[in-house]
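Topology and contacts: notes
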Amino acid sequence: MTYQHNAPFRADVVGSYLRPAELKAARADFEAGRIDAAALKAVEDKAITELVAKQKAAGLHVITDGEFRRAYWHLDFMWGLQGVRRGTAPIQFKGSDGTAVVEAAGVVGEISGANHPFVEHYRFVKALEDENTIAKQTVPSPAQTLFVLQQGIAEDTANPYADNNALAQAIADAYIQVAHDLYAAGCRTLQFDDCTWGAFVSEDFKDTVFGVDAKTVQRQFAAVNNAVIAAMPEDMVVTTHICRGNYQSQWFSAGGYGQVADVLFGEENVSAYYLEFDDDRSGDFEPLAKVSGDKKVVLGLITSKKPELEDPEAIKARIAETAQYVPLERLCLSTQCGFASTEEGNHLTEDQQWAKIALVRSIADEVWPSR
């Protein structure tokens, strides 16, 4: 029997986990041609099965595949779309220690969501659900894909889309197809991971984004997300995670939510926001007053970038502070991001990863004892 509740949960997670050494070795062997796809899948299947058992043992109600079949949190999904190919990023964004992400995705034909590999990936995790857990599927948001595909790749491509509006519509249509296929596979919680808003909070994008009025761009990006959400079945819960970068414990941008709050919190039609709040880069909680309706907020107060454990009393005090702007019954707790947004992972051990999750759960049990 499937768990009868849906995301978000009082003690929650974003979705990615540190890859075990055996899986990293198998992926390297596959890239080098030493093993075939079937051998790699066997290692992935074993690692994911073991990961799900650990998630259940940790008392989590949400399970994921840890993104173990991906190299990147976002690009693998884009590469899985018809009409999109892998390539070199023309604009290479650098992390806080100067390391750049050099790969990207570009349009090479008509975009479609047909036969997306993530659907089969989801079916594997779905089969591991039990009476206490529900399987969540994470994907980059439609806006994130628009942001990446707008920039394209350095290699020559044959992009058939005349302007960004046509590209946005094609992306929305592809996402709707993938999401409906996921729904048919049993998915009822879909998470849009989104670094676009994490970039738009930056002082660099306060007035304009690449020469275009900032609010105009914000509304275009919210609109492509909303177009997909509007096409979802009624019982498909769509949430979003907003991030400023989580690349091998690095970050890419800084700034509070104030300059995006009107559009992001007031106009995007998700059920819940998973928000970074693990350090000063995220600003204060006041912009959360703009969260409209009965939408929930999952506070990412526990960092996944560093191994040191936070003071539980300090975290509880920050939750109480947030309740000035969003009622406590609409709040939840998680880590600020996943533990491995790329396959390299953040700079902590697996034991430290699970200690972070145990801390999230113990604090949630105290703040919401009837959770």
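For the structure itself, look to the data block above.
Keep in mind the model is a prediction, meaning the values are calculated, not measured.

Quick notes on the overall build of the protein
In terms of regular secondary structure, the protein is built from eleven helices and twelve strands. Classification of the 371 residues of the protein by burial places 57% in the buried group. Put simply, 79% of the contacts in the protein that link residues at least 6 apart link residues at least 24 apart. Working note: accessible area of the protein is about 14700 Å², and carbon and sulfur atoms make up 50% of it. Side-chain charges of the protein comprise 34 positive and 53 negative groups, with the mean position of each set lying 2 Å from the other.

Overview of the environment of D279
As for its placement among the helices and strands, D279 is situated in the loop between β10 (272–276) and β11 (296–302). By relative accessible area, D279 is classed as partly exposed at 30%. For the pair formed by D279 and C187, sequence separation is 92 residues and the distance between their alpha carbons is 33 Å. Polar contacts involving the side chain of D279 include one to the main-chain amide nitrogen of R281, which spans 3.0 Å.

Points about helix α2 (residues 37–57)
One full turn of an α-helix is made of 3.6 residues, so residues set three or four places apart face in the same direction. Its 21 residues give α2 an end-to-end C-alpha distance of 30 Å, which sits within 8% of 30 Å, the value for a rise of 1.5 Å per residue. For α2, the full list of buried residues reads L40, V43, E44, D45, A47, I48, L51, V52 and Q55. Phi for G59, located one or two positions after α2, is positive at around 85°.

Points about the nonpolar core
If you look at the biggest cluster of nonpolar residues, it comprises 114 residues, and the most contacted ones within it are I111, L288 and I319. Sort the elements by how many residues they give to this core and helix α6 (residues 164–184) lands first, with eleven residues. Not counting the four nearest positions on each side in its chain, I111 is found in contact with L81, Q82, G83, V84, L149, Y161, L167, A170, I171 and A174.

With respect to the sheet that holds strand β5 (residues 137–140)
In any sheet, the strands associate via hydrogen bonds between backbone groups, in a parallel or an antiparallel arrangement. Ordered in space as β5-β6-β9-β10-β11-β12, the six strands form an open sheet in which the pairing is parallel. At either end of the open sheet lies a strand with only one pairing partner, and these are β5 and β12 (331–335). Recorded for the sheet is a direction-independent mean angle of 25° between the axes of neighbouring strands. Alignment of β11 against β12, held across five bridges, turns out to be parallel. Looking across to β12, one finds that V297 is bridged to L331. Running over the sheet, helix α10 (residues 312–322) touches β11 and β12 and is turned about 150° from β11.

Considering the pattern of salt bridges
In a structure, side chains of opposite charge can pair up when their charged atoms sit close to one another. Counted by the stated rule, this structure contains 25 salt bridges. K136 is the salt-bridge partner of D12, the closest N and O atoms lying 4.0 Å from each other. One end of the pair, D12, is in the segment before α1 (21–31); the other, K136, is in the loop between β4 (134–135) and β5, with 124 residues separating them in the sequence. This pair shows no difference in class: D12 is buried, exactly as K136 is.

Examining the packing of helix α4 (residues 117–126) against α6
Where α4 meets α6, the axes come as close as 9 Å, and the angle between the chain directions of the two elements is 25°. The orientation of α4 relative to α6 falls into the category roughly parallel. Relative to α6, the crossing made by α4 is right-handed. Here α4 contributes F118, V119 and Y122 to the contact with α6, which in turn contributes V178, D181 and L182. Classifying every residue of the contact of α4 with α6 by side-chain character gives five nonpolar, no polar and one charged.

Comments concerning the packing of helix α5 (residues 142–151) against α6
In the contact formed by α5 and α6, the axes pass within 10 Å of each other and the chain directions differ by 135°. Comparing their axes, α6 and α5 come out oblique. Seen from above, α5 lies across α6 with right-handed handedness. Facing α5, whose interface residues are P142, T145, L146, L149 and Q150, α6 presents N164, L167, A168, I171 and Y175. Residues of the contact of α5 with α6, tallied by class, amount to seven nonpolar, three polar and no charged.

Reading the values: rules and limits
- Residues numbered from 1 in each chain as written.
- Predicted model: local features only at pLDDT ≥ 70, side-chain atom pairs only at ≥ 80, totals over all residues.
- Heavy atoms only, no water.
- Helix = DSSP H or I, 4+ residues; strand = E, 2+ residues; numbered from the N terminus.
- Buried < 20%, exposed > 50% of the residue type's maximum accessible area, 1.4 Å probe, protein only.
- Contact = heavy atoms within 4.5 Å.
- Areas by Shrake-Rupley, 256 points an atom, 1.4 Å probe, with all protein chains shown as cover.
- Lys, Arg positive; Asp, Glu negative; His and termini not counted.
- Charge placed at Lys NZ, Arg CZ, Asp CG, Glu CD.
- Polar contact = N/O pair within 3.5 Å; in protein donor to acceptor, adjacent residues only side chain to side chain.
- Expected span 1.5 Å × (residues − 1).
- Core = buried A, V, L, I, M, F, W, Y, C linked by side-chain atoms within 4.5 Å.
- Pairing = 2+ DSSP bridges.
- Axes fitted to C-alpha atoms, helices over the stretch in contact; angles between N-to-C directions.
- Salt bridge = Lys/Arg side-chain N within 4 Å of Asp/Glu carboxyl O.
- Parallel < 35°, antiparallel > 145°, perpendicular 65-115°, else oblique.
- Left-handed = near helix turned anticlockwise from the far one by under 90°.
- Nonpolar A, V, L, I, M, F, W, Y, C, P; charged D, E, K, R; others polar.

In short, the description is geometric, and any link to function would need to be established separately.
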